[in-house]
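Observations on the model geometry
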Amino acid sequence: MGMKIVRNKLLFFAFGILLTSATVFGQSRADTLKQKHNESVTIYGSSRPVTGEALKIGRKPQVPALEMSTVPETSGFFDIKVPTTIQLKTIRFSSSVRTYQPAQPSWKNLLTLGIGSRISPLLEYSYSGGRSKHYLLTVHLLHHSSFLNIKNYLPSPYTKSKAGISYNKYFRYHVLAIRGSYRISTNRYYGYNIASGTLPYYDKDNAGLKQYYEVARFGVKYSSSYRNNYKLHHLFRANTYYIFDKHGMSEMNVHFDFDLHKGFRVSEIFNHQQLGLEGSFDYFQNKATALSAGYQLKEDYYARVFPYFDARYGIFSFRAGLNFEWLRTESAKLHFYPYLLVNVNVAPGIFSFFGGFDGGLKKSSYLNLSRKNPYLGSLQNDFRWENTKFEAFGGFRGNIARHFGFELRAGYRKFDNMAYYDHKSFPVPVFFNSNGSYLPYKNEFDVFYANGNVFDLSGSLTYANTPNLDFWLKGEYHSYSLKAGIKPLYKPLFSMSLGTSYLINGKIKPWIEVYFMDKQWAAYKAEYWYPSIKSNYYYLGRYFDINLGAEYHIDKQLTGFIRVTNLLNKHYYRFDEYPVAGLEIMLGVRYRF
């Protein structure tokens, strides 16, 4: 009860800050329509550990800060981010583009080199160059690895390598964007405490304990960049990827989507009116060669059509439409989801309310699930579509002088087939094979699904766009209610994070990030009994993770940095019997040329 009171106080304190700052961040993009179709581009590059730094077209790679971005880019960052592991994000495109405008000085190359105390080399190279109003070429290479094991656990080295290239060709009113990338990551199933001595003959070098994931991507996008709203704006995009692992699991996806919209005078009541049509098509193929014949291959087909109407009347703006979604797995079915988003700009550019409702289908893909949990087992091929039957949401946002801002959002969602991780629902086989050789204990996870609902509350507070100081605070709360007595395993229930950086005399920039994760539901790995019974559930402990560091600008081209992760040296758990690495200190330099 005491810990629950502490959690509630933390929650009310965080959002008390947001409410008392109620004159802040607001929609720096004046309304929903402009937010959807603004004619600008930003390329986000991975030039630093954890969250990445924005590199805008025309500025070329300046020396991006090593600390966090002002606002974390992913709302559910605790689902995909391990604070004690350096993660760098690849270059990606925003939804719309403007012609390339170079600026001075013109640095085209950025090289980052670092070494960590956990025998963790870091190498990253970025190139960005082009010709004004003609084209832009970017290249990104990355390697990061760690070879120091976690005490009392099986060997836990990992590597992450990425290579990406993108090319933008600018025409008078159109942009052609082409991109491709390749990623390989390796890890071990190290989640077993060998200090207990239960398995004294454990074969830590068994190939079954090793894992790797390889992903190849390719995409093409063709979009218009008209300034006149009464022209037919259009976007066509085609993407594909293929992922496979060491143990015969693979997934292929072919995706196509489009957006057409044009201004019309449907009624004299509204200041602005727009009719649009969005659509998409997906093909998924999942394979698991370790399964018996007849269960190895599954194919999904998905199509979506979304006609919509945008309008604005004074301080009110809205988008309304109807989603038609068709899905064929074992059988085919057509789904309908109404959509509405309303914005009320109480003080345009300063404060606004928003609210609406939505629904839809989303694939729980092997690609996304393996990125969040790299310890998946290979005896599964059931990757379903989560069906959000209904979602209602609302909140407010605002800003002062485009520097100090906040956002608060609340929502309720009812769903079927929400994916979660658990151990296999049958007893683990005996630890000896037919030849009497010892088999490895493999702490792996399968994907299971639950029906239910969730209430979400999230908020953020930022202070940015000043020459010297950046600050952000973020909090999330989730309350799940799942059917059949299932617990929301490894789903964040309450989390907070904050970070700040300050530039001193234009030379030294210290920074700090603090993450708090409240307890999460987990399930024990069972050796000889069924793990699906309720007594198998338990809580992962809550934790604080503190990262800090500094960078020193030696001159316009050379910068040195130091980064300390997991300052408290706590081996907290994100999954059952998988502790994170402890304290690490990384030193490095970055050079632009």
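One can find the structure itself at the top, above this paragraph.
Along each chain, numbering runs from 1 in the same order as the chain's sequence is written. With the structure being a predicted model, the display of local features is reserved for residues of pLDDT at least 70 and the display and counting of side-chain atom pairs for 80 or more, all residues being used for whole-chain, interface and lining totals. Side-chain measures here rest on the full set of heavy atoms in the structure, leaving out hydrogens and waters.

Quick word on the nonpolar core
Nonpolar cores were defined as sets of buried Ala, Val, Leu, Ile, Met, Phe, Trp, Tyr and Cys residues, with membership established by side-chain atoms within 4.5 Å. Buried means the residue's accessible area, taken with a 1.4 Å probe over protein chains only, is under 20% of the maximum for its type, while exposed means over 50%, and partly exposed covers the values in between. Leu376, Tyr421, Phe445, Val447 and Tyr490 are the most contacted members of the largest nonpolar core, which has 49 residues in total. A run of H or I in DSSP counts as a helix once it spans at least four residues, and a run of E counts as a strand once it spans at least two, with each numbered from the N terminus. Contributions of two or more residues to this core are made by β8 (210-224), β9 (233-245), β11 (272-288), α4 (366-372), β17 (404-422), β18 (446-463), β22 (520-523) and β23 (537-540). Per-element accounting of this core gives the leading share, five residues, to β17. The next biggest cluster of nonpolar side chains, apart from the first, holds eleven residues, and it includes Leu473, Tyr477, Phe494 and Phe516.

Some remarks on the pattern of salt bridges
Any carboxyl oxygen of Asp or Glu within 4 Å of a side-chain nitrogen of Lys or Arg constitutes a salt bridge here. Enumeration according to the criterion identifies 15 salt bridges in this entry. Asp416 is the salt-bridge partner of Lys389, the closest N and O atoms lying 3.0 Å from each other. In this pair, Lys389 is assigned in strand β16 (residues 385-400) and Asp416 in strand β17, connecting sequence segments 27 residues apart. Under the relative-accessibility criterion, Lys389 is labelled partly exposed at 42%. Its relative accessible area of 18% is what places Asp416 among the buried residues. Ionic contacts of the salt-bridge type, sharing partners, join the residues Glu278, Arg304, Asp310 and Arg319 into one network.

Re the environment of Ile562
Following the sequence through the fold, Ile562 ends up in strand β25 (residues 558-565). The class for Ile562 is partly exposed, based on a relative accessible area of 33%. Ile562 sits 14 residues away from Leu548 along the chain, and the two C-alpha atoms are 8.5 Å apart. Every residue pair with non-hydrogen atoms within 4.5 Å of one another is taken to be in contact. With residues up to four places along the chain from it excluded, the contact list for Ile562 reads Leu548, Gly549, Ala550, Ile585, Met586 and Leu587.

What to know about the environment of Gly208
Examined against the element boundaries, Gly208 turns out to sit in the loop between β7 (174-188) and β8. Taking the relative accessible area as the measure of exposure, Gly208 reaches 19% and is therefore buried. Spatially, the C-alpha atom of Gly208 lies 9.0 Å from that of Lys246, the residues being 38 residues apart in sequence. Not counting residues within four places of it along the chain, the set of residues in contact with Gly208 comprises Tyr189, His247 and Lys442.

Re the pairing of β25
Counted residue by residue, β25 has six buried out of eight residues, so it is predominantly covered. As judged from the six bridges shared by strand β24 (residues 543-553) and β25, these two strands associate in the antiparallel manner. Paired with Glu551 across the bridge in β25 is Phe561. Here a strand pair is declared whenever DSSP counts at least two bridges between the two strands. The sheet contact formed by β25 and strand β28 (residues 584-592) spans eight bridges and is antiparallel. Following the sheet pairing, Gly560 is matched in β28 by Val589.

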